[in-house]
Amino acid sequence: MAGSGSGDLIKPALAMVSFQIVFAGLNIFYKLAVSDGMDLRVLVAYRYLFASAFLAPLAYFVERRSRTKLTWRVLGLSFVCGLTGGSVAQNLYIAGMKLTTATFATATTNLLPAVTFLLALAFRYEKLAIRTSSGQAKVAGTFLGIGGAMLLTFYKGVDVTPWHSHINLIAANNGGGSHSHPSTNYAMGSLLCIISCFFYALWIIIQAKLSVEYPFHYSSTALMCVMTTLQSSAFALCFDRDAAQWRLRFDIRLLAVVYAGVMASGVMLVVMSWCVKKRGPLFVSVFNPLMLLVVAVLGSLLLGEKLHLGTALGAVLIVAGLYTVLWGKGREAGATAEAPRVSELPTTVHDGDKRVDGVAAPAPPRLLAANSI
């Protein structure tokens, strides 16, 4: 019995570690693609195009016997989900990453639980319950996250990178050209990343409604990816009709969009869905900060990024806020375990998500790897 219980824990844990590593890689590919000069709007459009091509056949074969007929309400919710969690959130997140670093942008994705809690209060999905320990924990975690975000934005500090690598794939990929030293603007970049968190949190709330209306997570996710593809393609074409931006060769741009669409929004969706089914959304959520650690290591080793004291301290506060909110949610869930349950909002989201389309979101009973958004 003990061996069986250990196996039931080890497999989901390994799956979630793999998930975080894949999404950390997504942030690295994002940074390389935009540093190569790829239009970020085109990048988002191609990501969801590849995701749609992967998920649509999967959804057809897996849910063809159980799926109910589409309604206009489901199509409308899918359109809004694609707009908030896909087109808008992903474009803002990648724009923020372009102006900062992969590590910095990834750190902001841990604000999602706090932002989601605030919006859930506004939409009356959550109660403040300030007199209870769970309510106090969620409020404290929210303030910790906001404080960490402000520290990330307004304080840079000294270089605290524990090692200095001579590898810089951004410079090597561009041959020292004009894109090898992209401009940085931490104030604007952090603002864009935080706004993307608000849109992604709004997506979670709308997604909760969609999961009730249409509880077929492969089909609804494929539908949202198709909607996002149409929206982001139209948006990209309004601003950039240069055929060269849309032409894909066997280079970092093709690798980035295939990796983002197939691995992040496709394969990892199935992995996370399985983990939520096995261990629940809270188990999935606790692995979220691992992506920040992996991105920080890969960014310093491969992209020539430097870790500054403000980023490190801000990330610590944000992660502390994340776990405080999760602890509060866990206490709340335990207190209401015997009562009739209403569908809860997920407590954290990935985007690169993040993500990023970084960041992927646990949502009972379905998920969308986004950022991942």
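Summarised in this report is the structure supplied together with it. (Residues numbered from 1 in each chain as written. Predicted model: local features only at pLDDT ≥ 70, side-chain atom pairs only at ≥ 80, totals over all residues. Heavy atoms only, no water.)

**Topic: the overall build of the protein**
Applicable threshold: Each helix is a run of DSSP H or I of at least 4 residues and each strand a run of E of at least 2, with the numbering of both proceeding from the N terminus. Here the Shrake-Rupley method, with its probe set to 1.4 Å, supplies the accessible areas, and only the displayed protein chains count as covering residues.
Per the secondary structure count, the protein includes 14 helices and two strands. Summed over all atoms, the accessible surface of the protein reaches about 16,100 Å², with 69% contributed by carbon and sulfur.

**Quick notes on the packing of helix H13 (residues 288-302) against helix H14 (residues 309-335)**
Note the cut-off: To get an axis, fit a line to the C-alpha atoms, keeping to the stretch in contact for a helix; angles then go from 0 to 180 degrees between the N-to-C directions. Comment on the angle field: the value is read as roughly parallel under 35 degrees, roughly antiparallel over 145, roughly perpendicular from 65 to 115, and oblique elsewhere. Note on convention: near helix rotated counterclockwise from far helix by under a right angle means a left-handed crossing. Clockwise means right-handed. Any pair of residues with heavy atoms lying within 4.5 Å of one another is described as a contacting pair. When residues are sorted by character, Ala, Val, Leu, Ile, Met, Phe, Trp, Tyr, Cys and Pro go into the nonpolar class, Asp, Glu, Lys and Arg into the charged class, and all the rest, Gly among them, into the polar class.
Running from N to C, H13 and H14 cross one another at 165°; their axes reach a closest spacing of 10 Å. Classified by the angle their axes make, H13 and H14 are roughly antiparallel. At the point where H13 passes H14, the crossing takes the left-handed sense. Contact residues: Asn288, Pro289 and Leu292 in H13; Ala315, Val319, Leu322 and Tyr323 in H14. Grouping the constituent residues of the contact of H13 with H14 by class yields six nonpolar, one polar and no charged.

**Thoughts on the packing of aromatic side chains**
We count it as follows: Two rings from Phe, Tyr or Trp (for Trp, the six-membered ring) form a pair when their centres are within 6.5 Å of each other. A pair whose planes differ by under 30 degrees is stacked, one over 60 is edge-to-face, and the rest are tilted. Throughout, exposure labels follow a simple rule: accessible area from a 1.4 Å probe, protein chains only, divided by the maximum for the residue type, with under 20% read as buried, over 50% as exposed, and the rest as partly exposed. A positively charged side chain is recorded as over a ring if its NZ (Lys) or CZ (Arg) lies within 6 Å of the ring centre. The angle to the ring normal must also be within 35 degrees.
The final tally for this structure, using the stated rule, is nine aromatic pairs. With centroids separated by 5.2 Å and ring planes inclined at 80°, the aromatic side chains of Tyr60 and Phe61 adopt a geometry described as edge-to-face. Ring geometry for Phe235 versus Phe239: centroids 5.0 Å apart, planes at 65°, classification edge-to-face. Of the two residues, Phe235 and Phe239 both sit in helix H9 (residues 217-239), four residues apart, roughly one turn of that helix. Residue class for Phe235 comes out partly exposed when judged on its relative accessible area of 36%. Taken together through their ring pairs, the aromatic side chains of Tyr46, Phe50 and Trp246 make up a single cluster. Lying over the aromatic face of Tyr48, Arg47 brings its terminal NZ or CZ to 5.4 Å of the ring centre.

**Notes on the pattern of salt bridges**
Quick note on the threshold: Here, a salt bridge means any side-chain nitrogen of Lys or Arg that lies within 4 Å of a carboxyl oxygen of Asp or Glu.
Following the criterion strictly, the structure yields three salt bridges and no others. One salt bridge connects Asp39 with Arg41, and the closest N-O pair in it is separated by 3.1 Å.

**Observations concerning helix H5 (residues 112-122)**
An α-helical segment advances 3.6 residues per turn. Residues three or four places apart therefore align on the same side. With respect to burial, H5 is a largely interior element, eight of its eleven residues being buried. Buried within H5 we find Leu112, Pro113, Ala114, Val115, Thr116, Phe117, Leu119 and Ala120. Turning to H5, the residues buried within the fold contact helix H6 (133-154), helix H8 (186-213) and H14. Within two residues after H5, Arg124 carries a phi angle of roughly 65°, on the positive side.

**A closer look at a nonpolar patch on the surface**
Keep this limit in mind: Each patch groups residues whose relative accessible area exceeds 30% and which form no salt bridge, using 9 Å between like charges and 5 Å between nonpolar side chains of Val, Leu, Ile, Met, Phe, Trp and Tyr.
Judged by side-chain polarity, Leu118, Phe143, Ile146, Met150 and Phe154 come together as a nonpolar surface patch covering roughly 550 Å² of accessible area. In terms of residue count, H6 provides more of the nonpolar patch than any other element does, four residues in total. Checked against the element boundaries, Ile146 lands in helix H6. On the accessibility criterion, Ile146 (36% relative accessible area) is partly exposed.

**Side note on the packing of H5 against H8**
Between two packed helices, both the angle of their axes relative to each other and the distance between the axes serve to describe the pair. Here H5 crosses H8 at 60°, and the two axes come no closer than 9 Å. Classified by the angle between their axes, H5 and H8 sit oblique to one another. Seen from above, H5 lies across H8 with right-handed handedness. Side by side, H5 and H8 meet where Leu112, Val115, Thr116, Leu119 and Ala120 of the first sit next to Cys197, Phe198, Tyr200, Ala201, Leu202, Ile204 and Ile205 of the second. Split into classes, the residues belonging to the contact of H5 with H8 amount to eleven nonpolar, one polar and no charged.

**A few points about helix H11 (residues 252-279)**
Filter applied, for reference: The seven residues ending at a residue and the seven starting there each receive a fitted axis; the angle between those axes is the bend at that residue.
Of all the bends in H11, the greatest, near 40°, is centred on Met268. The first or second residue beyond H11 is Gly280, which carries a positive phi of 95°.

**A few points about the side chain of Lys31**
By secondary structure assignment, the location of Lys31 is in helix H1 (residues 2-35). If sequence neighbours within four positions are ignored, Lys31 has contacts with Met97, Lys98, Thr100, Thr101, Ala102, Ile170, Leu303 and Glu305.

**Structural notes on the environment of Val62**
Its location among the elements puts Val62 in helix H2 (residues 40-63). As a C-alpha pair, Val62 and Tyr218 span 156 residues in sequence and 7.9 Å in three-dimensional space.

**Digging into the nonpolar core**
Note the threshold: Definition used in this section: a nonpolar core is a set of buried Ala, Val, Leu, Ile, Met, Phe, Trp, Tyr and Cys residues joined via side-chain atoms within 4.5 Å.
Core analysis: the biggest nonpolar cluster contains 58 residues, and Met16, Phe23, Leu26, Tyr30, Met38, Leu43 and Ile94 have the highest contact counts within it. The leading source of residues in this core is H1, at 13 residues. When neighbours within four sequence positions are excluded, Leu43 is seen to be in contact with Tyr30, Ala33, Val34, Met38, Ile94, Ala256 and Val257. Judged by nonpolar contacts, the second largest core, of 28 residues, contains Leu119, Ile206, Tyr214 and Leu292.

**Structural notes on the environment of Val262**
Residue placement: Val262 occurs in helix H11. Given a relative accessible area of 23%, Val262 falls into the partly exposed group. For Val262 and Ala53, which are 209 residues apart along the polypeptide, the C-alpha to C-alpha distance reads 8.5 Å. When residues no more than four places from it in sequence are discounted, the contact partners of Val262 are Phe54 and Val267.

**Thoughts on the side chain of Thr221**
Keep this limit in mind: As used in this structure description, the phrase polar contact means that two N or O atoms lie within 3.5 Å; if the pair is within protein, one of them must be able to donate a hydrogen and the other to accept it, and residues adjacent in sequence are counted only when both atoms belong to side chains.
For Thr221, the location among the structural elements is in helix H9. At a separation of 2.6 Å, a polar atom in the side chain of Thr221 contacts the main-chain carbonyl oxygen of His217.

**Structural notes on the state of the cysteines**
Here is the rule we go by: The definition used for a disulfide is geometric: two cysteine sulfur atoms within 2.5 Å.
Counted under the stated rule, the structure contains zero disulfides. Not engaged in a disulfide, the cysteine Cys197 finds its nearest cysteine sulfur in Cys193; these two sulfurs lie 7.3 Å apart.

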